[in-house]
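Understanding the architecture of this molecule
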Amino acid sequence: MDELQRLILLGENDTVDFKQRVTQPEKIARTLVSFANTRGGIILIGVKDDGTISGIDPEEEKHILQMAAEFYCDPPVHVQYEEVEEDHRTVLKVIIPESKVKPHFAKVKEDDWRGFVRVKDTSVQTSKMVNKALEQEPDEFERLPLDRHENAVLGYLKLSPRITLKQYMKLANLSERRAYRTLVKLVIHGYLRLHDKEKEEYYTLS
C-alpha cells in the first residue's frame, strides 16, 4: 500500500484533511492556520470526504493555496507541495509544518483575523487566551504523558459536565497563568473542548 492510500484509509484526523477542490482562499486559510498553530499536517486536495479520489488540476489549486498562505494568513504560513498520481488522477499533497512563529491568524473578512487550532478532524477557532498561550511558549505543548494537574481536570470532567478556569485553578491549586496553559495544552492535544461563545468560557471532555 502506498502512502497516499494509507493516509486516505486512516481518514481525516488531527493531522490529515481531505478537500475535493479549493475555491475560496479565506476558507482554506483556516485549515492552513490550524495545522501551523498545532502540530502541522497534510491536506489532500482531489480527495472527497469519503476518501474517493476525484483528482484536480494542481496548478489551479496551487494558485489559490499560495494566495491563501500569503495574503489570508498572518504571519504567512509555509506550505510545500507534492503531486501524486493515482488511477490517472492527480492528488495534490499540501504539507504544512508546525510553525515556529505561533500564533497564525486567518482572515475571516475585512479587518477580522482569527486564530484556529486543529482538534481531531476540525479547525477550531481559538479565544484570545489560546492565542496568547501559543505565542508565549509553543514548545511546552509536547509534554505528554499527562501530569497530575492534567489528570486532575480529566478526572473532574468524568464526574461533572464542565469546568471553568476559576474552578480549575481552585481544584488544582494553580496560578491563573499556569491553569490557562494546562487547559490550552489539553485542548490542542484533543483531550478537552473549549466553549467560548458564552459569557464565561468553559471546558468539556472532547
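Just above sits the structure.
Residues numbered from 1 in each chain as written. Predicted model: local features only at pLDDT ≥ 70, side-chain atom pairs only at ≥ 80, totals over all residues. Heavy atoms only, no water.

**Section: the pairing of strand S8 (residues 122-125)**
Note the threshold: A pair of strands is treated as paired once DSSP finds two or more bridges between them. Note on conventions: DSSP H or I runs of at least 4 residues are helices, E runs of at least 2 residues are strands, and numbering of each starts at the N terminus.
Here strand S7 (residues 112-119) runs beside S8; their pairing, made up of four bridges, is antiparallel. Counterpart to arginine 118 in the pairing with S8 is serine 123. Connecting S7 to the next strand, S8, in antiparallel fashion are two residues, including lysine 120 with a positive phi near 55°.

**Things to note about the sheet that holds strand S6 (residues 105-109)**
Quick note on the threshold: In this analysis, two residues are considered to be in contact whenever any of their non-hydrogen atoms come within 4.5 Å of each other. To get an axis, a line is fitted to the C-alpha atoms, and for a helix only the part in contact is used. The angle between two axes follows their N-to-C directions and goes from 0 to 180 degrees.
One open sheet accounts for four strands, arranged S3-S6-S7-S8; its pairing is antiparallel. Of all the strands in the sheet, just strand S3 (73-74) and S8 have a single pairing partner and so form its edges. Its contacts with the sheet place helix H2 (residues 25-37) against S3, S6, S7 and S8, and it is angled at close to 55° to S7.

**A look at helix H5 (residues 148-159)**
The cut-off we apply is this: Here a helix's expected span is defined as the number of its residues, less one, multiplied by 1.5 Å. Exposure categories follow from relative accessible area, calculated using a 1.4 Å probe and restricted to protein chains: below 20% of the type maximum is buried, above 50% is exposed, and the middle band is partly exposed. As used here, the arc is the angular range of directions from the helix axis to the C-beta atoms. The definition of a polar contact used here is a pair of N or O atoms within 3.5 Å, where within protein one atom must be able to donate a hydrogen and the other to accept one, and adjacent residues in sequence count solely through side-chain atom pairs.
Between the first and last C-alpha of H5 there are 17 Å, a value that for 12 residues agrees with the 16 Å anticipated at 1.5 Å per step. By the burial criterion, the buried members of H5 are His149, Glu150, Val153, Leu154 and Leu157. Within H5, the buried residues cover an arc of 140° as seen down the axis, which keeps them to one side. The outward face of H5, more than 90 degrees from its buried face, is lined by the exposed residues Arg148, Lys158 and Leu159. Each element contacted by the buried residues of H5 is listed here: strand S9 (163-164), helix H6 (165-172), helix H7 (176-188), strand S10 (192-195) and strand S11 (202-205). At the N-terminal boundary of H5, the capping side chain belongs to aspartate 147, with an oxygen 3.0 Å from the backbone nitrogen of histidine 149.

**Brief notes about the nonpolar core**
The condition that has to hold: In plain words, nonpolar cores are sets of buried Ala, Val, Leu, Ile, Met, Phe, Trp, Tyr and Cys residues tied together by side-chain atoms within 4.5 Å.
Counting 23 residues, the largest nonpolar core has Val153, Tyr168, Leu183, Leu192 and Tyr203 as the members making the most contacts within it. If you list the elements that add at least two residues to this core, you get S7, helix H4 (128-136), H5, H6, H7 and S10. A per-element tally of this core places H7 first, with six residues. With residues near it in sequence (within four places) discarded, leucine 192 still touches Leu154, Leu157, Leu183, Leu186, Val187, Tyr203, Thr204, Leu205 and Ser206. Counting 22 residues, the second largest nonpolar core, distinct from the first, contains Ala29, Ile45, Leu65 and Leu92.

**Description of H7**
Between its first and last C-alpha, H7 extends 18 Å over 13 residues, near the 18 Å set by a 1.5 Å rise per residue. Buried within H7 we find Ala179, Arg181, Thr182, Leu183, Val184, Lys185, Leu186, Val187 and Ile188. Immediately beyond the C-terminal end of H7, within one or two residues, lies glycine 190, with a positive phi of roughly 85°.

**What to know about the sheet that holds S11**
Ordered in space as S9-S11-S10, the three strands form an open sheet in which the pairing is antiparallel. At either margin of the open sheet sits one strand with a lone partner, and together these are S9 and S10. The sheet contact formed by S10 and S11 spans four bridges and is antiparallel. Paired with histidine 195 across the bridge in S11 is tyrosine 202. Strands in contact with H5 are S9, S10 and S11; relative to S11, the strand with the most contacts, it is inclined by about 80°.

**Details of the pattern of salt bridges**
To be explicit about the condition: The rule for a salt bridge is simple: a side-chain nitrogen of Lys or Arg has to be within 4 Å of a carboxyl oxygen of Asp or Glu.
Enumeration over the complete set of coordinates arrives at 14 salt bridges. Measuring nitrogen to oxygen at the nearest pair gives 3.0 Å for the salt bridge that ties arginine 118 to aspartate 17. Of the two residues, arginine 118 is situated in strand S7 and aspartate 17 in strand S1 (residues 16-19); the sequence distance between them amounts to 101 residues. Exposure remark for aspartate 17: the relative accessible area of 4% places this residue in the buried category. Across the pair glutamate 61 and arginine 21 runs a salt bridge, and its minimum N-O distance is 2.8 Å. Highlighted residues: glutamate 61 in helix H3 (residues 58-71) and arginine 21 in the loop between S1 and H2, separated in sequence by 40 residues. The class for glutamate 61 is buried, based on a relative accessible area of 1%.

**Here we look at the packing of H5 against H7**
Our working rule: The scheme is simple: roughly parallel for angles under 35 degrees, roughly antiparallel for over 145, roughly perpendicular for 65 to 115, oblique for anything else. Should the near helix be turned anticlockwise from the far one by less than a right angle, the crossing is termed left-handed; should it be turned clockwise, right-handed. Here the nonpolar group is Ala, Val, Leu, Ile, Met, Phe, Trp, Tyr, Cys and Pro; Asp, Glu, Lys and Arg are the charged ones; every other residue, Gly included, is treated as polar.
Closest axis-to-axis distance for the H5/H7 pair is 10 Å, and the angle between their directions is 70°. By the criterion of interaxial angle, the relationship of H5 to H7 is roughly perpendicular. Crossing angle aside, the handedness with which H5 passes H7 is right-handed. Residues His149, Glu150 and Val153 of H5 pack against Arg178, Thr182, Leu183, Lys185 and Leu186 of H7. When grouped by side-chain class, the residues that make up the contact of H5 with H7 number three nonpolar, two polar and three charged.

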